[in-house]
Amino acid sequence: MKKSVYSICGMCTVRCPIRVETEDNKVTWIEGNQNLLGGALCAKGSAGPALVADKERPQQPLIRDGARGSGRWKEVSWPTAYDYITDKLQKIKSEYGPESVVLSSRGGPWQSMYKSFIHAFGSPNYTNHDNTCGRNTHHASLSINGVGRKGFVYDIKNANHLILFGRNMFSSLRIAENLQTLDMLDNGGKLTYVDVRQTITGLKSTRFLQVRPGTDYALALGMIHEIISREVYDAEFIERYVSGFDELREFVKQYTTAWAAKECGVREKAIKNFVSELKEDMPKVIFHPGWNLARYKDSFYASRAIHILNVLMGSIEQKGGLIIPKGPGDCGVKGIQNIDYSKPDIKRGDGVGWKYNHFDKGPGLAHLFFSAMESEDPYPIKAWIAMRHDPFCCMPDPRKQEKYFEKCDLLVSIDAHYSEFGWFSDVILPESTYLERDNAICVQKGPKPRFGRRQKALEPVNDTKPSWQIFKELADRLDMKDFFPFDTMEDYWKWQLEPTGFTLKDFEEKGFIPLSDKPVMYDPKELDGQFKTPSGKIEIISKKLSDAGLPSLKEYESPIRPPKGMFRLIVGRTAVHTHGHTINNPLLNELMPENSLWINVKAANKLGIKDGDLVEVASESESYAGTIPAHVVDYIHQEAVYMLHGFGREIPLQTRACHAGVSDQKLMENKLDDWDKAGGGINLAEVFVVVRPSIRNSARRVEL
Amino acid sequence: MNKYMIYLNGKRCIGCHGCEIHCKSNKNLPVGPQLCEINHSVMVKVRSVPKTEFAFRSCYHCEEPFCVPVCPTSAVVKREDGIVYIDQEKCIGCMACAGACPWTIPQLNPETKKAIKCDYCMDRVDAGLKPACVTKCTTHALKFVEMVEK
């Protein structure tokens, strides 16, 4: 039977709206939702059906049948797997208390279910992957604007000038955002791109500033200096909504453009010209404050400086600027309901909220559970449930992580893919792929808010289950029967919509429920109450930071240069893979089966490396090394080498991905403790690696 | 004269290779054959910004295609609107078409053992739709152009 279903893509966590046609439970066509994206979809989106058909993903529950990581598994039924998990959980609960269990997920619009599960179980320890992604940006925004990084959306389409600090947006591919950026460029807008290498995004820029790795903060400070000294800022906006401007002016006096240019390795004139352009372009100027800024030791302060640049432009709630996302309430609609269990009144195992008071308590910081595992302070951590989160692929030094996780009595992976962590865990519960599962209705905030829904296009082709069902069935066995009192997702959707006055039928026309026809905007002169800081103003000086013994305006410290013979490792993304998730996808693997090492042509010449040669990349103490081809280019800084994240996987059942390429996180030896005490992110770019020509390039080869 | 062509707006192309997978996914092709491709030129500095040009190539649907007369089973057909396609029923997989093509565009589908090539997704075109690569182009850089004689 032929069907057409609107849904939400799940090949990466952008979650683009899609429409899927099926016949006899097979996908015959998949495209971006015509109503929102005009059909546009990326390579990954089109490779979704190949994921469903791929047999190299978990197809039934598996229980470990050998040592951890040995790769010996027993195929079991769902009830057997549930019993195994719940017996262990009950035992841990009675022996150590429910707080000994941690649940981590990727985050995103459906995390309330996972969070509720662990809260209902009795543990406050919900966490997510954001310590290796957006925490620094998030905390930077909170400290200045009083709202997190999702407290603004960017009206790029109508902007005159977009500035990106290492945000390689045409590789991370938020399709709607990319379309906006290209529309802006088509309309004569400017794009200033700052990075240590030229990327696909930088190709489209009108100004490219290649900086020395780790100097983003210096460049931002130099820009602020020039903007303030030439008075290229919105004085009225600052007067009305901002505190601490005088301190800022004093602070940046030392950071001249000449200084910044020298520190970053760019021309001073480029910074001055840039500020001249801003004068014409403001307030329609957007400094993107970064997405993944878990990079350098001062990334939190770099992100703060970028947020401050936006404040100086007075672009908040302006067309072509930063828009405060609107929700159902702004459209006169009541919001949806979600299951919600309040966090138990027990202090978190990662110290967030009592030891570290300047961090958002929501998901805490995943890497801080390791020291608790080791020291059993404040209490032992004995179980970790990873819901579509792969700690081994996200965080540095999986070998060291293994030692910590060995102290746990139960490790569970719930995922549609085999994850590196899953392979080491005790139980793998196979989640249905995004094309085979329903998820809860979610609110998609923005100038034109809407309700969105992922609806299954296919019945599961293997013995897999959607996450809501997995958690419901686990809860039933854990005497948490009230946790999810619905038998089907449809019942839950209906309950979610109850307060709103909408029904499921309202999704049918467009695949989402629009809450407003035109953008809802506040009066930019009436923004009082929008900044949730203690003073209600945008605070350049934050008391929360001072209370934590941290400066609000931190003196710049120059990044150290790599030791002789080493390079700073920079990792990033591509348009054809999603981190470690898609490396084994047959179609995407065909496009890019392994990563390569980008190296500057001068640095490569010194080492005798030619483009395409195999090179060996080794961690600082050389405990991990791998061999990949060199990509010798002009446009990468000489101190840096770059590689794509997600490769170097070691799961034998993923035959295409296993041992293909080099793993960046395995090169990050002993870097689990190298994190930003102010922003909370792990410093993923404070890593040096050894590079040398591979002996496998030999000109001669004998066969005997 | 050919009625259609696919045009790439290089200013909007981001070299994401989406078109290649849109094509393979729509035609249900296994690993191996690839009916369209995006090529990246080497970076060159243009007004102090390193730039790359992108090029799209599928099949040229030649006015006088060499692949058509060479086919021993008359499986390769040029339609009136110019689309050159391979009739999968008649194809015996001898690959004479690939040998005759100056660009070796026809490829062997290892699963069906038959020659395949870009046919502008003519089933979609006949249904009033556009080829898969154009419909789903990530940035709307590809256009399906209908040419009019003046």
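Scroll up to find the structure this text is about.
Attention in this report is confined to the structure presented alongside it. (Residues numbered from 1 in each chain as written. Chains lettered and ligands numbered in written order. Predicted model: local features only at pLDDT ≥ 70, side-chain atom pairs only at ≥ 80, totals over all residues. Heavy atoms only, no water.)

### Here we look at the overall build of chain A
1) Next: When you go through chain A residue by residue, the secondary structure sums to 25 helices and 27 strands.
2) Next: Taken over C-alpha atoms, the radius of gyration comes to 25 Å for chain A, in line with the 27 Å a tight globule of 704 residues would show.
3) Next: The C-alpha extent of chain A, read off along each of the three principal axes, is 75 × 70 × 55 Å.
4) Next: The buried share of chain A, taken over its 704 residues, is 64%.
5) Next: Considering only residue pairs separated by 6 or more positions, chain A has 72% of its internal contacts joining residues 24 or more positions apart.
6) Next: Carbon together with sulfur atoms contributes 48% to the accessible area of chain A, which is approximately 25,900 Å² in total.
7) Next: Separation between the mean location of the 92 positive side-chain charges and that of the 91 negative ones in chain A comes to 2 Å. (Helix = DSSP H or I, 4+ residues; strand = E, 2+ residues; numbered from the N terminus. Rg over C-alpha atoms; globule rule 2.2 N^0.38 Å. Buried < 20%, exposed > 50% of the residue type's maximum accessible area, 1.4 Å probe, protein only. Contact = heavy atoms within 4.5 Å. Areas by Shrake-Rupley, 256 points an atom, 1.4 Å probe, with all protein chains shown as cover. Lys, Arg positive; Asp, Glu negative; His and termini not counted. Charge placed at Lys NZ, Arg CZ, Asp CG, Glu CD.)

### As for the overall build of chain B
1) Next: Scanning chain B from N- to C-terminus turns up five helices and 10 strands.
2) Next: For 150 residues, the compact-globule formula gives about 15 Å, and the C-alpha radius of gyration of chain B, at 16 Å, lands near that figure.
3) Next: In terms of overall dimensions, chain B has a C-alpha envelope of 55 × 40 × 25 Å along the principal axes.
4) Next: Here chain B holds 150 residues, and the buried ones make up 49% of them.

### Regarding the interface of chain A and chain B
1) Next: With 40 residues of chain A at the contact, the number on the chain B side is 33 residues.
2) Next: When the two sides are added together, the surface that chain A and chain B hide from each other amounts to roughly 2,900 Å², 62% of it contributed by carbon and sulfur.
3) Next: Considering only the surface of chain A that becomes buried against chain B, Trp29, Leu203 and Tyr635 of chain A emerge as the three largest contributors, covering 22% of it.
4) Next: The interface formed by chain A and chain B holds three salt bridges in total.
5) Next: Here Asp186 of chain A ties to Arg12 of chain B by a salt bridge, and the two come within 2.8 Å at their closest N and O atoms.
6) Next: In this structure, the connection of chain A to chain B is made through 18 residue pairs in polar contact (both at pLDDT 80 or more). (Buried area = accessible area lost by both parts, 1.4 Å probe. Salt bridge = Lys/Arg side-chain N within 4 Å of Asp/Glu carboxyl O. Polar contact = N/O pair within 3.5 Å; in protein donor to acceptor, adjacent residues only side chain to side chain.)

### Regarding the packing of aromatic side chains
Residues and elements named next belong to chain A.
1) Next: Counted by the stated rule, this structure contains 41 aromatic pairs over all chains.
2) Next: Their ring planes at 65° and their centres at 5.3 Å tell us that Phe484 and Phe486 sit as a pair that is edge-to-face.
3) Next: Given a relative accessible area of 1%, Phe484 falls into the buried group.
4) Next: Residue classification places Phe486 among the buried residues on the basis of a relative accessible area of 11%. (Phe/Tyr/Trp six-rings, centres within 6.5 Å; stacked < 30°, edge-to-face > 60°.)

### Side note on the sheet that holds strand E13 (residues 285–288) of chain A
Whether parallel or antiparallel, the strands of a sheet pair through hydrogen bonds between backbone atoms.
Residue and element names in this part refer to chain A.
1) Next: Here we have four strands laid out as an open sheet, ordered E11-E10-E9-E13, and parallel in their pairing. Two strands bound the open sheet, and with one partner strand each, they are strand E11 (207–210) and E13. Looking at each pair of strands side by side, their axes are set apart by 10° on average, direction ignored.
2) Next: In the packing of helix H8 (residues 175–186) onto the sheet, contacts are made with strand E9 (161–165), strand E10 (190–195) and E13, and the angle to E10 comes to roughly 125°.
3) Next: Packing of helix H10 (residues 216–229) onto the sheet brings it into contact with E9, E10, E11 and E13, and relative to E9 it is tilted by some 145°. (Pairing = 2+ DSSP bridges. Axes fitted to C-alpha atoms, helices over the stretch in contact; angles between N-to-C directions.)

### Points about the state of the cysteines
1) Next: Enumeration according to the criterion identifies zero disulfides over all chains in this entry.
2) Next: A disulfide-free cysteine, Cys23 of chain B has its sulfur positioned 4.6 Å from the sulfur of Cys36 of chain B, the nearest such atom. (Disulfide = S-S within 2.5 Å.)

### Some thoughts on the side chain of Glu56 of chain A
Residue and element names in this part refer to chain A.
1) Next: As for its position among the elements, Glu56 is in the loop between helix H3 (48–53) and strand E4 (62–64).
2) Next: Given the relative accessible area of 17%, Glu56 is considered buried.
3) Next: Within the structure, the side chain of Glu56 is placed 2.9 Å from the side chain of Asn584, a separation counted as a polar contact.

### Quick look at the pairing of strand E6 (residues 101–105) of chain A
All names here are of chain A.
1) Next: Burial within E6 is extensive, with five of its five residues counted as buried.
2) Next: What you see with E6 is no split at all: Val101, Leu103 and Ser105 on one side and Val102 and Ser104 on the other are buried throughout.
3) Next: Where E6 meets strand E15 (residues 383–387), five bridges bridge the pair, whose relative direction is parallel. Looking across to E15, one finds that Val102 is bridged to Trp384.
4) Next: Bridge count between E6 and strand E7 (residues 126–128): three bridges; the pairing is parallel.

### Brief notes about the sheet that holds strand E18 (residues 442–444) of chain A
Residue and element names in this part refer to chain A.
1) Next: Reading across from one edge, E18-E19-E20 is the order of the three strands in this open sheet, with antiparallel pairing throughout. If you trace the sheet from one side to the other, it starts and ends with E18 and strand E20 (512–514), each paired once. Looking at each pair of strands side by side, their axes are set apart by 25° on average, direction ignored.
2) Next: Sheet topology places strand E19 (residues 450–452) next to E20; three bridges connect them, and they run antiparallel. Following the sheet pairing, Arg450 is matched in E20 by Pro514.

### Section: the environment of Glu317 of chain A
Residue and element names in this part refer to chain A.
1) Next: Structurally, the position occupied by Glu317 is in the loop between helix H15 (299–313) and strand E14 (322–323).
2) Next: The class of Glu317 is buried, set by a relative accessible area of 1%.
3) Next: Residues Glu317 and Glu177 lie 140 residues apart in sequence; the distance between their C-alpha atoms is 18 Å.
4) Next: A polar atom in the side chain of Glu317 sits 2.7 Å from the side chain of Lys326.

### Considering the nonpolar core
1) Next: Among the nonpolar cores identified, the biggest contains 130 residues, and Leu219, Leu248, Phe287 and Leu312 of chain A are the most heavily contacted of them.
2) Next: Aside from chain neighbours lying at most four places away, what touches Leu248 of chain A is Ile224, Ile228, Ile308, Leu312, Ile540 and Leu553 of chain A. (Core = buried A, V, L, I, M, F, W, Y, C linked by side-chain atoms within 4.5 Å.)

### Remarks on helix H21 (residues 489–497) of chain A
All names here are of chain A.
1) Next: Looking only at H21, the buried set comprises Met489, Tyr492, Trp493, Gln496 and Leu497. For H21, the arc enclosing every buried residue in end-on projection is 130°, short of the 170-degree limit, so these residues lie on one face.
2) Next: Of the surrounding secondary structure, the elements contacted by the buried residues of H21 are E19, helix H20 (467–477) and E20. (Arc of directions from axis to C-beta.)

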